[in-house]
Each structure stands twice: as C-alpha cells, then as structure tokens.
Amino acid sequence: MRRVWFGWLALMAAAGMAPAAEVLVWHDEFEGEALDGAKWTAEQGLVRNDRAAQLYRADPANLTVADGVLRLTATFDEAGYSNPFYGKNGWEDWRSYTKSKPYASGSVNSFGKFSMRYGRVAVRARFNVASGAWPAIWMLGTTQTPPENLDDDEAFWWAVSTVPWPQCGEIDLMEYATRDGDGAEAAAQARQTIHSTLHWGDSWTGADYKMDGETLLCKDLDQADLAAAAWHEYGLEWTPERLAITFDGEPVLVRDPGALVAPQSGETPFADNLFHFVLNLALGSMANDPPTDGAGYPIAHEIDYVRVWQDPEVTGNRLLIGGKAPAFAGFACDDPDAAPLIPADATVGADGGLTLAGGPLAVGGFAPVSAFTLTAEVTVPGGATGTLLGFRSGAHEVRFACREAGKASAFYDGWSQVAGAQTVALAPGRHTLRLT
C-alpha cells in the first residue's frame, strides 16, 4: 500500500516536482433529463446564416437530453414552424422578417458560460443523414462579454460572439454536408466526407477573409438509420505552438496558431482569443437544400460527451466558466511520481488547512505506480457544491468522489461508474478525506 500525503504549505516550492499531467477542467456527460443551463444555451429562431433551411427550437421534438446523450433532431412540418422572433427586430433583419420555416432543428452554445484558450477537447458524436443535412461541432472566438439584461428568449441574438466574424476566429472540429446536386459520384463522396476548417481574417469577403481546412473520407458516415450510425470522437489539441483537429485521436489538420494572421490588422485569433462551443444540426447552405416534402426526415445529431483538459504548465492557458477565470496552482507531495494540482482560488489557512473559495475542489496529475492511500484535510465553505479528487493512471482517467468524510471514496474508472458508487456533496465545514 503506497501512502501519499499532501504538503499543503509547500505551494509551488517543491524542487524537482514532476511535470504536471493535463487535468479535466470542464465537461458535460449529458446525464439527467434536461440541458444544463449553467453550461449551455438552447438557441432559438434564426440565429446564423440566412441561407440555412431551418430555424432552431428548444422544443423536445428538436432538443432533448436523455439516455446519456444530447439529441438535436431536425423535423419537417409542411405547415411550417413559427419564428418566435417574427417582427421583433424590424423588417431589415433577416432573423426577424421570416415568419416561419418548414424545417426545425436543435442547437446549443456555451457562449458566456464556458470558453477556453489552449487545451485538449474531445466530443463523441454520431448522426444519421438525409438530403440537406449539415451537422457540426465547432468553436467561435469571443470576448465572452454577453450583453446585460437579456432574458433567455433574447439571448439568441447574441449567441455568436461579441467580436465580429471572421475576426473572432472559428474552429470547425467537424462539419458534414450533403452535396446531392453535383452528380452521383461527387454526391457519394460528399456523404463520406468530414470537413475540418479554420476561418479568420479582417472581413468575410475578398482577400481579407482567410480559410484553411482539410477533409477526411470516412465510409460509415452516410447512414439513414441513427441506430446504424457509428460513434466517432472529434477532437482538438491546442497549444501556443500547435493547433490540431483530430478524428478518433488521429490528426486531420495541424497548423501553427501564431502563423494564422489577419491580412490587414495582423491579429492572430487562434493565439489570442478564447473560444466557446457550438453544437448544432443545420440544414441547407453548406449542404444542398433539403427536400420540399420532408423525405428522409426526421434525422438527429447525438452528442455523448464534451470534455476539456488543460495542462497547467502551458503558458497562456485560459478558462472562463460562468464568467469566472479558474486557474491552477501546484502543491508539493512526498511522492516523487506525483504532481498534484488544485484550483488557484484555493488558499492555505494559518492552521495549514486548504480552503476553497467556491465550487468543487479538483486534484489531478497523479501518476501512481501501485495502490496508494491519500489523506487530506479540506474546508468546504458555505455554498460550495462538493468535493472531487482525481488522478490519471496510465491511459485511464480515474475519479475519486467523496461519499463521506473520513471514509474510502466511491470511484469512477474510465467514466463508468463502479457498482454501488454514489457521489454526494460535502457539507460546509472541515473534513478529513481518506481515499484508499
């Protein structure tokens, strides 16, 4: 049995501390029966791209969380779906002058709720298709300063960015688009193609607009039946020196973020901006228009999880979660193979205890070579949501979640809950935690 003790007072002071492993800093496993409003906004109405064939709704017919997945469903109604913002913003605004559309679908974004610069992203998803399908997993640069005094119904007007496009930058982890009007051979290839693309520049027209991308052929994408559709993991590996979009862990596009420069302003959005997520199922535009009779619909875009890791030793890391900027600080540990990490807003009191200002405590970066015991004392302040301790062992993410103060924890291995494990929040106060 290996014993690991934290030296809480040795903040950033341990000589020769092992390099930090990356830490899971944000994720959504889409458990439960409702979209987590602290992480996502359900888009409504006509949000982007006046050439798209659908409007977005938060209705259960188009957006659900169930069975561990977020499901965005595109549906057809010959009578048309009403635009909830018809006439609201004047007739010169295309989002406002369109009364209805025969197609509706689902879309969510994390604008104002989560954004990041540098780290690793993994999004596991699948979709079935009909003519006109345009599912996507992508990210937009933003200053993350949402306008004030917006109710939920109006938030969609500002769901793209407070920085104009394409100046904000766009990272398309995955776009898929049917192209049925280009001949049978081209159409068949389009239905097997994933697009990974970067957009930036000073304007959306002419030489001031920049786009750089790669495509990947994958023969199992063209599925009319959702049950037959394969799950794939669409990812991003992003540091100051390297931006790589990945498919099932393999690089599709690799670029130097600092070399992607706007022609006139010289701005480098992929080195400077924070980016938030957009997960959507659009129709038309990049794809051909969907059929006028709804043939082949409904179709769905399912997302199993969204996970984000960061390595605290990467210079320039940024996170904004709910408008706050968590960071990481290192703590000493007498295990030479371990590099514990905790949020920087945690402080060490005069008695040597660790106090977290708010939210859950996360400890990551362990690389144990055998079984071990961890004992630590923490103070959970009022309003905190609970305590979570975790470590990485080999290729596995293993999370220890405290069930009860002073007792061995429940744990999760490889994201599958161990039988009998249960996570409950720790009450405010001082706790001794023992993980075996």
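The structure presented is a predicted model; accordingly, all values stated were derived computationally and were not measured. (Residues numbered from 1 in each chain as written. Predicted model: local features only at pLDDT ≥ 70, side-chain atom pairs only at ≥ 80, totals over all residues. Heavy atoms only, no water.)

Tallying secondary structure elements over the chain gives three helices and 31 strands in all. For the chain, the residues scored as buried account for 50% of the 436 residues in total. By sequence separation, contacts in the chain at least 24 residues apart represent 72% of the contacts at least 6 residues apart. Carbon together with sulfur atoms contributes 51% to the accessible area of the chain, which is approximately 18900 Å² in total. (Helix = DSSP H or I, 4+ residues; strand = E, 2+ residues; numbered from the N terminus. Buried < 20%, exposed > 50% of the residue type's maximum accessible area, 1.4 Å probe, protein only. Contact = heavy atoms within 4.5 Å. Areas by Shrake-Rupley, 256 points an atom, 1.4 Å probe, with all protein chains shown as cover.)

Turning to the pattern of salt bridges, a few remarks are in order. Pairing of side chains with opposite charge becomes possible as their charged atoms draw close. Applying the stated criterion across every chain, the model contains eleven salt bridges. With a closest N to O distance of 2.9 Å, Arg-126 and Glu-302 form a salt bridge. Separated by 176 residues along the polypeptide, Arg-126 in strand S10 (residues 119–127) and Glu-302 in strand S19 (residues 299–310) bring together distant segments of the chain. Glu-302 matches Arg-126 in its accessibility class, with the two residues each being buried. Residue Arg-191 is joined to Asp-222 by a salt bridge in which the shortest nitrogen-to-oxygen separation is 3.1 Å. Here the residue Arg-191 occupies a position in the loop between helix H2 (184–190) and strand S13 (193–201), and Asp-222 occupies one in the loop between strand S14 (209–217) and strand S15 (232–238), the gap between them amounting to 31 residues. What you see here is one network of salt bridges that share partners, running through Arg-71, Arg-126 and Glu-302. (Salt bridge = Lys/Arg side-chain N within 4 Å of Asp/Glu carboxyl O.)

Turning our attention to empty space enclosed by the protein. On inspection of all chains with the given rule, the structure shows four cavities of 30 Å³ or more. Approximately 50 Å³ is the volume found for the second largest cavity. Together, Ala-125, Arg-126, Phe-127, Asp-220, Leu-221, Ala-229, Ala-230, His-232 and Tyr-234 line the second largest cavity. Those elements giving two or more residues to the lining of the second largest cavity turn out to be S10 and S15. Sorting elements by how many residues they give to the lining of the second largest cavity places S10 first, with three residues. The residue inventory of the lining of the second largest cavity, partitioned by class, reads six nonpolar, one polar and two charged. (1 Å grid on protein atoms, 1.4 Å probe; cavity = no way out; pocket = protein on both sides within 12 Å on 5 of 7 lines; lining within 4 Å. Points joined across faces, edges and corners; volume = space filled by probe spheres on them. Nonpolar A, V, L, I, M, F, W, Y, C, P; charged D, E, K, R; others polar.)

Moving on to the confidence of the model for the chain. Across the chain, the average pLDDT comes to 75, with 65% of residues at or above 70. Contacts from residues 149–161, a stretch scored under 50 in pLDDT, to residues over four places away or in other chains number 32 contacts. For residues 358–426, every residue scores under 50 in pLDDT, and the model assigns this stretch 198 contacts once sequence neighbours within four places are set aside. (pLDDT = per-residue confidence, 0-100.)

Per the counting criterion, the structure on display carries 15 aromatic pairs. Both rings, one in Phe-114 and one in Phe-277, keep their centres 5.7 Å apart while their planes meet at 10°; by these two values the pair is stacked. Pair noted here: Phe-114 is in strand S9 (residues 114–117) and Phe-277 is in strand S18 (residues 274–283), with a separation of 163 residues, a long-range link. A residue is classified by how much of its surface remains accessible, and Phe-114, at 0% relative accessible area, is buried. When the centroid spacing of 5.4 Å and the interplanar angle of 85° are considered together, the rings of Trp-238 and Phe-275 count as edge-to-face. With a gap of 37 residues between them, Trp-238 in strand S15 and Phe-275 in strand S18 connect regions that are remote in the sequence. Owing to a relative accessible area of 2%, Trp-238 belongs among the buried residues under this scheme. (Phe/Tyr/Trp six-rings, centres within 6.5 Å; stacked < 30°, edge-to-face > 60°.)

Bringing the pairing of strand S7 (residues 100–105) into the picture now. Bridge count between strand S4 (residues 54–56) and S7: three bridges; the pairing is parallel. Counted as the bridge partner of Tyr-56 is Ser-105 from S7. Across four bridges, strand S6 (residues 69–82) lies against S7 in antiparallel orientation. Along S7, the bridge assignment pairs Phe-76 with Tyr-103. (Pairing = 2+ DSSP bridges.)

Right, let's talk about the environment of Asn-280 for a bit. Looking at where Asn-280 falls in the secondary structure, it is placed in strand S18. Residues Asn-280 and Glu-302, 22 residues apart in the sequence, show an inter-C-alpha distance of 9.7 Å. A distance of 2.9 Å separates the side chain of Asn-280 from the side chain of Tyr-56, its partner in a polar contact. Side-chain polar atoms of Asn-280 contact the side chain of Trp-138, separated by 2.8 Å. (Polar contact = N/O pair within 3.5 Å; in protein donor to acceptor, adjacent residues only side chain to side chain.)

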